[in-house]
Amino acid sequence: MAASLRLRGAASGLRYWSRRQQPVVASLAAVCSRSMASKTPVGFIGVGNMGNPMAKNLMKHGYPLIIYDVFPDACKEFLDAGEQVVSSPADVAEKADRIITMLPTSINAIEAYSGANGILKKVKKGSLLIDSSTIDPMVSKELAKEVEKMGAVFMDAPVSGGVGAARSGNLTFMVGGVEEEFAAAQELLGCMGSNVVHCGAVGTGQAAKICNNLLLAISMIGTAEAMNLGIRLGLDPKLLAKILNMSSGRCWSSDTYNPVPGVMDGVPSANNYQGGFGTTLMAKEHLAEVKTKQIGFVEEWRGHSEIKVSFWSSFAAIRKHI
């Protein structure tokens, strides 16, 4: 499957979901006629930093879970809580007709769906498969085609908000897929997020996420440099953050996820930078952005290799001054 995934260009405009009736795609008629999903078991594949709290929020809303993670230890607390833990993505697909995947990379997603023990080996017709991983939009499109061949529906639904929003259930989901299935997806995603936006066809959720993370990377690096400069010039970091957040420099990186230790609680900088968004993942997402340039989504951002620097690398010097 991995070898068959081809990057194909297809620009699609983002739009918010409306409740206007649209013609139902014939091949998906049976799936689209499904009524609002009830609280039957939901499969969840990938319970790492983000997937773990997301799955827990589904549990809080009364959904029994079928759990799989490539690292068995990550599943232990779900097993202890009475949830089912299985040994492969295929086993998840055998037991659940609604599955959410939350994985680090495109390769991980391909393996989970089309690997030797992947979802597609045992997926049931009419299943709804929601991928909340942040991956290449073209990979999402190719996975959707493979899923459709099996009589199921695939939607890409990457998230924004970080681990904190995952814990509190305040993530933003950017969803790409068949509009007639959006309500069924929204029922589940609304348990984990406060904003669920339909962006268009499969792949547009990933496109929105790439754009958001490009801006996030720029603002985080800018916040890091500004805070570091202020500290070097003798400003108290808390005072500087307060000034920035009441001025035109205010942004999410400064007022919600400030990267300087001691400025705020509950963020990676307050926990020795544990639990944050890693360098490797941001580099991966930026490479996906660069790839989309080739199919006309965005223009190449010059200096893209700079993003390989960690969000937090600008603070190597900060600790010496605090």
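These remarks concern the structure in this document. (Residues numbered from 1 in each chain as written. Predicted model: local features only at pLDDT ≥ 70, side-chain atom pairs only at ≥ 80, totals over all residues. Heavy atoms only, no water.)

1. What to know about the packing of helix 5 (residues 106–114) against helix 6 (residues 137–149)
Closest axis-to-axis distance for the helix 5/helix 6 pair is 11 Å, and the angle between their directions is 5°. In this view, helix 5 runs roughly parallel relative to helix 6, as classed from their interaxial angle. Facing Ser106, Ala109, Ile110 and Tyr113 of helix 5, the residues of helix 6 in contact are Val139, Leu143 and Val147. Residues belonging to the contact of helix 5 with helix 6 are distributed by class as follows: 6 nonpolar, 1 polar and no charged. (Axes fitted to C-alpha atoms, helices over the stretch in contact; angles between N-to-C directions. Helix = DSSP H or I, 4+ residues; strand = E, 2+ residues; numbered from the N terminus. Parallel < 35°, antiparallel > 145°, perpendicular 65-115°, else oblique. Contact = heavy atoms within 4.5 Å. Nonpolar A, V, L, I, M, F, W, Y, C, P; charged D, E, K, R; others polar.)

2. Some thoughts on the environment of Tyr68
Mapped onto the elements, Tyr68 comes out in strand 2 (residues 65–68). The class for Tyr68 is buried, based on a relative accessible area of 16%. For Tyr68, the contacting residues outside a window of four places in its chain are Phe44, Ile45, Gly46, Cys75, Val86, Ser87, Ser88, Pro89 and Val92. (Buried < 20%, exposed > 50% of the residue type's maximum accessible area, 1.4 Å probe, protein only.)

3. Here we look at helix 10 (residues 237–245)
Buried residues of helix 10: Pro237, Leu240 and Ala241, and no others. Around the axis of helix 10, the buried residues are gathered within 100° of arc, so they sit on the same side. Buried residues along helix 10 sit against helix 9 (204–232). Two to three positions downstream of the cap, the backbone nitrogen of Lys238 sits 3.1 Å from a side-chain oxygen, assigning the N-cap of helix 10 to Asp236. (Arc of directions from axis to C-beta. Polar contact = N/O pair within 3.5 Å; in protein donor to acceptor, adjacent residues only side chain to side chain.)

4. Here we look at the environment of Ala157
Inspection of the secondary structure puts Ala157 in the loop between strand 6 (153–156) and strand 7 (159–160). On a C-alpha basis, the gap between Ala157 and Gly203 in space is 9.0 Å, while along the polypeptide they are 46 residues apart.

5. Focus: the pairing of strand 4 (residues 98–101)
A regular strand places its side chains on the two faces of the sheet in alternate fashion. Of the two faces of strand 4, the one carrying Arg98 and Ile100 and the one carrying Ile99 and Thr101 are both buried. Where strand 1 (residues 42–45) meets strand 4, 3 bridges bridge the pair, whose relative direction is parallel. For Ile45, the partnering residue across the bridge sits in strand 4 and is Thr101. Pairing geometry for strand 4 and strand 5 (residues 128–131), over 4 bridges, is parallel. (Pairing = 2+ DSSP bridges.)

6. Examining a nonpolar patch on the surface
On the surface, Leu235, Leu239 and Ile243 cluster together into a nonpolar patch covering about 230 Å² of accessible area. Topologically, Leu235 is positioned in the loop between helix 9 and helix 10. Residue class for Leu235 comes out partly exposed when judged on its relative accessible area of 37%. (Patch = residues over 30% accessible without salt bridge, like charges linked within 9 Å, V, L, I, M, F, W, Y side chains within 5 Å. Areas by Shrake-Rupley, 256 points an atom, 1.4 Å probe, with all protein chains shown as cover. Salt bridge = Lys/Arg side-chain N within 4 Å of Asp/Glu carboxyl O.)

7. Quick look at the side chain of Thr204
Take Thr204: it is sitting in helix 9. Within the structure, the side chain of Thr204 is placed 3.2 Å from the backbone nitrogen of Gly200, a separation counted as a polar contact. A polar contact is formed between the side chain of Thr204 and the backbone oxygen of Ala201, at a distance of 2.7 Å.

8. Concerning the packing of aromatic side chains
Tallying each qualifying case throughout the model produces 2 aromatic pairs. Summarising the aromatic geometry, the rings of Tyr113 and Phe154 are spaced 5.5 Å apart at their centres and angled 70° between planes, so their arrangement reads as edge-to-face. One end of the pair, Tyr113, is in helix 5; the other, Phe154, is in strand 6, and 41 residues separate them in sequence. Accessibility classification places Tyr113 together with Phe154 in one group, the buried group. Ring centres of Trp252 and Tyr257 lie 4.7 Å apart, and the angle between their planes is 20°; on these two criteria the pair is classed as stacked. For Trp252, a relative accessible area of 34% puts it in the partly exposed group. Residue classification places Tyr257 among the buried residues on the basis of a relative accessible area of 9%. (Phe/Tyr/Trp six-rings, centres within 6.5 Å; stacked < 30°, edge-to-face > 60°.)

9. Quick look at the nonpolar core
Ranked by internal contacts, the top residues of the largest apolar core, which has 34 residues, are Phe44, Met54, Leu58, Phe173, Leu189 and Met192. When contributions to this core are tallied by element, the ones reaching two or more residues are strand 1, helix 2 (51–60), strand 2, strand 5, strand 6, helix 7 (162–168), strand 8 (171–176) and helix 8 (182–189). Top element by residues in this core is helix 8. It accounts for 5 residues. Apart from residues no more than four positions distant in its own chain, Met54 is found in contact with Phe44, Met102, Ser132, Val159, Ala166, Leu171, Phe173 and Met192. Membership of the second largest hydrophobic core comes to 25 residues, among which are Tyr68, Val92, Ile99 and Leu103. (Core = buried A, V, L, I, M, F, W, Y, C linked by side-chain atoms within 4.5 Å.)

10. Concerning the pairing of strand 6
Here strand 6 shows no split at all, with Val153 and Met155 on one side and Phe154 and Asp156 on the other all buried. The sheet contact formed by strand 5 and strand 6 spans 4 bridges and is parallel. Bridge pairing in strand 6 links Asp131 to Asp156. Read from strand 5 through helix 6 to strand 6, the crossover connection turns out right-handed. (Right-handed = clockwise from strand over helix to strand, strands pointing away.)

11. With respect to the packing of helix 9 against helix 10
One can describe the packing of helix 9 onto helix 10 by two numbers: an axis separation of 10 Å at closest approach and a directional angle of 130°. By the criterion of interaxial angle, the relationship of helix 9 to helix 10 is oblique. Judged by the sense of rotation from one axis to the other, the crossing of helix 9 with helix 10 is right-handed. In contact with Ala226, Met227, Gly230 and Ile231 of helix 9, helix 10 contributes Pro237, Leu240, Ala241 and Leu244. Its residues placed into classes, the contact of helix 9 with helix 10 shows 7 nonpolar, 1 polar and no charged. (Left-handed = near helix turned anticlockwise from the far one by under 90°.)

Interpretation in functional terms is not warranted from these geometric data alone.
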